[in-house]
Amino acid sequence: MLKLKGVESGYDLLQVLWDVELEVDEGEFVAILGPNGAGKTTTLRTIAGYVRALKGSIEFNGKSIVGLEPHRVSRLGIGYVSESSNLFAGMSIHENLLVGAYTVKNKQLIASQVDLVFELFPRLHERRNQLAGTLSGGERKMLAIARGLMPSPSLLLVDEPSLGLAPIPTLAAFEALKQLSQRGTTILLVEQNVNTTLHLVDRAYVLEQGKVVLEGTGPQLLSNKDVQEAYLGI
Amino acid sequence: MVTTSTTPAASAAQRGPQRLGLIAAVVLIAVSIALPFVPPFTGQDWQRYLVGAALIAASAVAFDFTAGYIDIVNFGFAAFMGLGGYTSAILVNTYGISPWLGFPLGALTAGILGLLTGLLTLRLRGIYAAVMTWFVALALLGLARNLTDVTRGPLGLAVSPLLATNDNLPYYYVMLGILIATLVVLTLVIRSRVGLAFRAIGQNLQAARASGINPTVFLVANFTISCAFAGVFGVFYAHYYGILTPDVMGTSHTIEILAIAYIGGRGSLWGPAVIAFPMYIAVQLLKVQLSSQPALYLVIYGLLLILVMLYRPDGAAGVIRSLGHRLDRRPKSGAGPAGASATPTPGATA
Amino acid sequence: MTTATATNLKQVPLLRRYLNLTSAILVVAAAAMIVVSIQNPSLLVNTLATGGMWALMAGGLALVFGVMNIPSFVHGDLFMVGTLVALFVFTPIQSMIQDAPNDFVLKWLGPFAGMILAFILGAVIGVLMELLLFRQLRRRSREQWVMNTFLLTAGLSIMFENVAMMAFGNLPQGISRYWDVPPIDVLGVPVAMDRLVTFIVAMGTLAVFALFLQRSRTGRAMRAVSMDETGAQMAGIGLTRIYQLTLALSCGLAALAGAVLIWLTPFTPTVGASPLLIAWYVVILAGLGNVQGAVVGAFLVAMVQQLTGYYLALNWVDVLPTGIIILVLLFKPSGLFGSEVKGVWEQ
């Protein structure tokens, strides 16, 4: 479904990604792990079109998406949930969801999608008229994911849902992602929380200094010596 | 802030362009002193253009001192000029003091109003400050129009001349002196530690605050200095042209100064001074040639301002600077990239 | 016990929200207006009519700042373009009306032709501005964006004014009235038809504008862009289209205001200067980028103007609001309705 080959990318004076190869198949739940500054977020931003790839190819369903503007990428069915959520602070939860469904023209479809995400996140339903700017950190993350789900994307990119969250909301966020995956959404997750993530996902890539250094299924990586030493503290 | 680094390599690389700049400055000053003796500048009409050019050059330099360094557009610059002019004119007319005494007094009133305006607006975001200075200017303009007992309103206030002559030449040398003094004083301020703070604030307010600079103090100081200079130029304007109307404070006068400052190159001080002469004189000639279309020159100002903002944000100074580097680099190619970064280009980062 | 503290916690910010300088000023203003309108009802009529038009100007100005971060200095010149369109469209219609005084459709609906065309031309100019100027600047650099766009619009403004001066001269050209009918009696006060229509058009346009921003898919997208551009892009909103629409709408509204108000402010090249100033007064008073606040502020400023003109003198109309704004900014630097949330239509 998604295929990155030899992707190099970065910002004005700083190249971050040097050679990223990864692949996500339909229905899979895949994670990108790695230390701070390894280029995990940049990888997602490059796929989503916010950072332009300097080299390499990014294919989605067999078509190149390099150089597309972010909103075009989004319209192809790639949802992106950023680390800072990028919510519309002055709008209610419900309105945030409606903007999330901007590309959906069918009103009935929007309504059923709203029901669906409220079912997934009952807490958002309770507060649907509250302004997004007044939500707690955990609620924000849920709303960000919920908004990303509104156009029913075929692939969801999620950046560090655990960032800045207490352990309980983190678990809730992971639980929501697990449910989503079980319902058939393809997810590419970026995380620092290695242990929990590896127990959750089908496969994972380990990114270091802008390169993929390891890949494997969850259990494979959990039993890998390097991973244990570097990330699990064993 | 490569400009202030004192490593030997950097200062060696800096010496080249700096020496070139010094030579250019001396040549330009010599040319501007000799200019009235070179035809066609020997005629009174042409010498009047020269006086006007020197006046607007000085105004644009003082405008650039705030716009180019602390990134605040003083949209009421002309009104501060007008305040200085009216102060001097009224005092000279009422108390019979010498017009020369008007200079410090005009600078004082314009500076004080600048200080108050600065204290009020410079805590706010840049755009608030620009718009508020505009409001203050319009309020001043309204006062000048309405307080007819003092200003005679739109009828205009007759002002006694600065010099006991109708010849434009002595006026030119007075204004040229003021221009050179303005350039020297403001350049020295910019090169000092205070100037470093200005540039730091103009480029990144948050970072400046984090490094222990109290931005408001410097912002207000800069704004006050610029307004006081505006007052001085206003005094010259009043006693040179011999009549003051509220129009001198108008927004279009400010925009004329602003256009020259930006076309000359923001954040350079010398750029606006250098470009003011050819531009002002060209515009005056155009006005004479096309007296049926008195508005045309403002269209040209507007168009040039737009083009500069879009395609050459560092203005004429930027163009001259890059030419200078090319000139400087040719003999010894070793000074390449260090030389390029050693020239101060604050505000011209865009 | 727990429910009691919970309600208390909710009530404290509520109290602070309503017992503050802003509401005090609004209450004083409302009281002043009531007293004045008993004494002199025509002041109230004028406040409502002009206030509505200033609201269209200020609303558009606030919208462009909220969505695109452009502090427009050229907004008043679109007002000027509006008066020009009205002049050129209505003058032939007027002679048609004189030729056929019994054609009621023409007589009653003819004047609207100029207003509609003014809106359309304003919108077209807005789109061209985005294409030719702001998009080019955005492509080159977004550094010092606010100041650079301010200067761009200042340059554009001089061009508009002086091209208009070269083309149409310096003399005022206007329409004394759109509807040549006797004043209408509204609650015992005779109101000229033009004033009444001005008020109705203002209210109608504001209502449509508000509904559009709050309820429509595109209006919501505009607000989304003003709050978080990245978030909007994630939702598949193309920024370019929203920018174009924003400028079209804002410039169209300014031109519409010019066309509607030509009976009060005849065309001159600088006729837009005063509406621009007023719109900026309003926007600074209300808080930059806040459309809802700008609409309320417009009526406040219109009232101050009417009162100043009536009790002091017309010359002071531009001086007094500056004093008031300076006072407000001393106490509330973010404006009367400004808040931390950046958006064009706060709830």
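Above: the structure in question.
Residues numbered from 1 in each chain as written. Chains lettered and ligands numbered in written order. Predicted model: local features only at pLDDT ≥ 70, side-chain atom pairs only at ≥ 80, totals over all residues. Heavy atoms only, no water.

Student: Looking at this structure, how should I read the overall build of chain A?
Tutor: Helices and strands together make up the secondary structure of chain A, namely 10 helices and 10 strands. The C-alpha atoms of chain A give 17 Å as radius of gyration, which agrees with the globular expectation for 234 residues (17 Å, within 12%). Taking all 234 residues of chain A together, 53% fall into the buried category. If you take every contact in chain A between residues at least 6 apart in sequence, the share linking residues at least 24 apart comes to 68%. (Helix = DSSP H or I, 4+ residues; strand = E, 2+ residues; numbered from the N terminus. Rg over C-alpha atoms; globule rule 2.2 N^0.38 Å. Buried < 20%, exposed > 50% of the residue type's maximum accessible area, 1.4 Å probe, protein only. Contact = heavy atoms within 4.5 Å.)

Student: Would you mind going over the interface of chain C and chain B with me for this structure?
Tutor: One frequently used descriptor of interface size is the decrease in accessible area upon assembly of the parts. Chain C puts 44 residues into the contact, and the matching count from chain B is 42 residues. Note on chain C versus chain B: buried area summed over both sides is about 4000 Å², and carbon and sulfur give 78% of it. Taken together, the connections running from chain C to chain B amount to zero salt bridges. At the surface where chain C touches chain B, the tally comes to five residue pairs in polar contact (both at pLDDT 80 or more). (Buried area = accessible area lost by both parts, 1.4 Å probe. Salt bridge = Lys/Arg side-chain N within 4 Å of Asp/Glu carboxyl O. Polar contact = N/O pair within 3.5 Å; in protein donor to acceptor, adjacent residues only side chain to side chain.)

Student: Where do I start with the arrangement of the chains in this structure?
Tutor: In this assembly, two pairs of chains are in contact, and the pair contributing the most contacts is chains B and C. With no contact between them, chain A and chain B keep their nearest C-alpha atoms 14 Å apart.

Student: Explain the environment of Gly 82 of chain B here, please?
Tutor: All names here are of chain B. Looking at where Gly 82 falls in the secondary structure, it is placed in helix H3 (residues 77–95). What makes Gly 82 buried here is its relative accessible area of 1%. As a C-alpha pair, Gly 82 and Val 232 span 150 residues in sequence and 9.8 Å in three-dimensional space. In contact with Gly 82, not counting residues within four places along its chain, are Val 248 and Met 249.

Student: Whenever I open this one, the packing of aromatic side chains confuses me. Can you help?
Tutor: Aromatic rings in a pair are described by how distant their centres are and how their planes are angled relative to each other. Tallied over the full model, the rule gives 29 aromatic pairs over all chains. Ring geometry for Phe 63 of chain B and Tyr 262 of chain B: centres 6.3 Å apart, planes at 70°, overall edge-to-face. Of the two residues, Phe 63 of chain B is situated in helix H2 (residues 44–67) and Tyr 262 of chain B in helix H11 (residues 251–264); the sequence distance between them amounts to 199 residues. Ring centres 4.6 Å apart and planes at 50° place the aromatic pair Phe 135 of chain B and Tyr 281 of chain C in the tilted group. Of the two residues, Phe 135 of chain B sits in helix H5 (residues 126–146) while Tyr 281 of chain C sits in helix H11 (residues 273–286), which places them in two different chains. Of the two residues, Phe 135 of chain B and Tyr 281 of chain C, neither departs from the other in class, the shared state being buried. An aromatic cluster is present here, built from Phe 75, Trp 134 and Phe 135 of chain B together with Phe 73, Phe 150 and Tyr 281 of chain C joined pairwise through their rings. Its end group placed over the ring of Trp 145 of chain C, Arg 142 of chain C keeps NZ or CZ at 5.5 Å from the ring centre. Seen from the ring of Tyr 102 of chain A, Arg 217 of chain C lies directly overhead, with NZ or CZ sitting 4.2 Å from the centre. (Phe/Tyr/Trp six-rings, centres within 6.5 Å; stacked < 30°, edge-to-face > 60°. Lys NZ or Arg CZ within 6 Å of the ring centre and 35° of its normal.)

Student: What is the right way to look at the nonpolar core in this model?
Tutor: The tendency in soluble globular proteins is for nonpolar side chains to be buried side by side. With 214 residues, the main nonpolar core has Trp 134, Phe 135, Phe 233 and Phe 236 of chain B together with Trp 280 of chain C as its most contacted residues. Of all the elements, H2 of chain B adds the most residues to this core, at 15 residues. When sequence neighbours within four positions are dropped, the list of residues in contact with Trp 280 of chain C reads Val 131, Trp 134 and Phe 135 of chain B together with Leu 61, Pro 71, Ser 72 and Leu 288 of chain C. Counting residues in hydrophobic clusters, the runner-up holds 42 residues, among them Val 104, Ala 144, Ala 176 and Leu 198 of chain A. (Core = buried A, V, L, I, M, F, W, Y, C linked by side-chain atoms within 4.5 Å.)

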